[in-house]
Amino acid sequence: MSGAGAADAFERVADGALRVPLRTQTLPPFTHTNAYVLAADGVGIVIDPGAGDPDALAALRAALAAVGVAAPKGVLLTHTHPDHVGGVDAARSLWPDLQVWAPAGELGRCDGAWGAIGVRHGRRLTLGGAVLTLVGTPGHALDHVAVWWAAQRLLVAGDLVAGAGSIWVGLPDGDVGAYLSSLERAAALDPAVVAPAHGPVRRDGAAVLHVARRHRLAREASLLQALQDGPARIGALRARLYPDLDESAHDLAERTVLAHLAKLMRERRVMHVGSDRDGPYALA
Ligand SMILES: [Zn+2]
């Protein structure tokens, strides 16, 4: 990808599958959200159009043209965080017949004007003769779907994983237990290519999914280790798990720790012994 202009501002991921990185306001260290164009037999969809500025639309149009699609039949949202839906209004203006699909559990967060249809695990979408299957993968967001193109063993992963680094899983939307299950569900598909919404496309099979799961379990182990020293409040736990963190990132980090604590409390391994969200928390 040279990025020199709209015509080559995309990367070929697989047959009829293109990654189109769009500049968005997203969580650091990322600066872009990858939209994907999937197409077969002249029928195409756009996944996660996170931006709708003229450059973004030009890049999407160029990618669609490259796979022989003049107007996509729909937009699929893996979830409805702003950096994934920022281009939906612009896309609907450009292509008035566009269908919008969003995870059923996030329909309440969609702009009603989109007329979005709720989709769940197992739902199939066809592109000409090609079949895509949606994979329920909650954890990062209230609800989340990934897209499985079985014939190409391609998983368009949304925010299930990042191509490099890790995906934020924190309260109020995040659910660490659901996230771990979603990683296992996706790994069981045995993808050859994992195409994330942030960072590069991964061509090392399910490795990125396994690494993400181990990373999450290691953080949980660190949290339990910290609680071995006695009850602790959320700020102290954050400082133990994320030393040297810039103060501007404290809130995000604490909401990650809270999501881990919520899972451990559900499993009755940790208890809340304080009177507010900040704890203290203790081993059960
Ligand atoms: Zn997200």
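Since we're looking at a predicted model, the values are computed, not measured. (Residues numbered from 1 in each chain as written. Predicted model: local features only at pLDDT ≥ 70, side-chain atom pairs only at ≥ 80, totals over all residues. Heavy atoms only, no water.)

A word on the domain arrangement of the chain. As assigned here, the chain comprises domain 1 (6–205) and domain 2 (228–283). Look at where the C-alpha atoms of domain 1 and domain 2 centre, and you get two points 32 Å apart. Broken down residue by residue, the surface that domain 1 buries against domain 2 is led by Trp168, Leu171 and Val176, which jointly contribute 62%. Inspection of the region where domain 1 meets domain 2 yields one salt bridge. Among the ionic pairs, aspartate 175 bridges to arginine 266, the shortest N-O distance being 3.2 Å. At the surface where domain 1 touches domain 2, the tally comes to four residue pairs in polar contact (both at pLDDT 80 or more). (Domains from an automatic or database assignment. Buried area = accessible area lost by both parts, 1.4 Å probe. Salt bridge = Lys/Arg side-chain N within 4 Å of Asp/Glu carboxyl O. Polar contact = N/O pair within 3.5 Å; in protein donor to acceptor, adjacent residues only side chain to side chain.)

The biggest cluster of nonpolar side chains holds 30 residues, and the ones touching the most others in it are Val20, Leu22, Val37, Leu60, Leu77, Val88 and Trp114. Looking at this core, the elements with two or more residues in it are strand 2 (17–23), strand 3 (32–40), helix 1 (54–66), helix 3 (88–94) and strand 6 (99–103). Sorting elements by how many residues they give to this core places helix 1 first, with six residues. Every residue in contact with valine 37, bar those within four places of it in the chain, is listed here: Gly16, Ala17, Leu18, Val20, Ile45, Val46, Leu60, Ala63, Leu64 and Val67. With 24 residues, the next largest nonpolar core counts Ala14, Ala40, Val193 and Ala195 among its residues. (Core = buried A, V, L, I, M, F, W, Y, C linked by side-chain atoms within 4.5 Å. Buried < 20%, exposed > 50% of the residue type's maximum accessible area, 1.4 Å probe, protein only. Helix = DSSP H or I, 4+ residues; strand = E, 2+ residues; numbered from the N terminus. Contact = heavy atoms within 4.5 Å.)

We now examine the packing of helix 5 (residues 207–227) against helix 6 (residues 234–241). At a minimum axis distance of 10 Å, the contact between helix 5 and helix 6 shows a crossing angle of 125°. Overall, the two elements helix 5 and helix 6 adopt an arrangement that is oblique. Every pair of crossing elements has a handedness; the one defined by helix 5 and helix 6 is right-handed. Note on element contacts: helix 6 touches helix 5 through Leu237, Arg240 and Leu241, opposite Arg219, Ser222, Leu223, Gln225, Ala226 and Leu227. (Axes fitted to C-alpha atoms, helices over the stretch in contact; angles between N-to-C directions. Parallel < 35°, antiparallel > 145°, perpendicular 65-115°, else oblique. Left-handed = near helix turned anticlockwise from the far one by under 90°.)

Here the focus is the side chain of threonine 256. Residue position: threonine 256 is located in helix 7 (residues 250–266). A relative accessible area of 3% places threonine 256 in the buried class. Contacts of threonine 256, omitting those with residues within four sequence positions, involve Trp168, Val169, Gly170, Arg219 and Tyr242.

What follows concerns the coordination of the zinc ion. Coordination of the zinc ion by the protein comes from His79 (NE2), His81 (ND1), His140 (NE2) and Asp159 (OD), over a distance range of 2.1 to 2.3 Å. Around the zinc ion, the four donor atoms are arranged such that angles at the metal cover 86 to 174°; this shape is classified as irregular. One chain supplies every donor for the zinc ion, spaced along it as H-x1-H-x58-H-x18-D. On the criterion of sequence distance, the pair formed by histidine 81 in the loop between strand 5 (74–76) and helix 2 (82–85) and histidine 140 in the loop between strand 9 (130–136) and strand 10 (145–149) is long-range, its members being 59 residues apart. The exposure class assigned to histidine 81 is buried, which follows from its relative accessible area of 15%. (Donors = N, O, S within 2.8 Å, 3.2 Å for Na, K, Ca; no water. Tetrahedral: all angles 85-135°; square planar, octahedral: opposite > 155°, others 65-115°.)

Further remarks concern the pattern of salt bridges. Under the defined criterion, the tally for this structure stands at 16 salt bridges. We note a salt bridge from aspartate 229 to arginine 240, for which the minimum N-O separation is 2.9 Å. On the criterion of sequence distance, the pair formed by aspartate 229 in the loop between helix 5 and helix 6 and arginine 240 in helix 6 is long-range, its members being 11 residues apart. Aspartate 229 sits in the exposed class, given a relative accessible area of 61%. You can call arginine 240 partly exposed: its relative accessible area is 45%. Put simply, arginine 233 and aspartate 276 hold a salt bridge, and the shortest N to O gap is 3.5 Å. Of the two residues, arginine 233 is situated in the loop between helix 5 and helix 6 and aspartate 276 in strand 13 (residues 270–276); the sequence distance between them amounts to 43 residues. Each of Glu220, Lys263, Glu267 and Arg269 takes part in salt bridges that share partners, so that together they form one network.

Glancing now at the packing of helix 6 against helix 7. Interhelical geometry of helix 6 versus helix 7 gives an angle of 100° and a closest axis separation of 9 Å. Considering the angle they form, helix 6 stands roughly perpendicular to helix 7. Residues Ile234, Gly235, Leu237, Arg238 and Leu241 of helix 6 form the contact with helix 7, whose own contacting residues are His250, Ala253, Glu254, Val257, Leu258 and Leu261. A class-by-class count of the residues in the contact of helix 6 with helix 7 yields seven nonpolar, two polar and two charged. (Nonpolar A, V, L, I, M, F, W, Y, C, P; charged D, E, K, R; others polar.)

Moving on: the side chain of histidine 81. There is a polar contact of 3.2 Å between the side chain of histidine 81 and the side chain of histidine 79. Setting aside its immediate chain neighbours within four residues, histidine 81 contacts His140, Ala141 and Asp173.

A two-sided burial pattern is seen for strand 12 (residues 193–196), the buried positions comprising Val193 and Ala195 on one face and Val194 and Pro196 on the other. As paired strands, strand 11 (residues 154–158) and strand 12 are joined by four bridges and run parallel to one another. In the strand pairing of strand 12, valine 156 is matched with alanine 195. A crossover links strand 11 with its parallel partner strand 12, the connecting element being helix 4 (residues 176–188), and its sense is right-handed. (Pairing = 2+ DSSP bridges. Right-handed = clockwise from strand over helix to strand, strands pointing away.)

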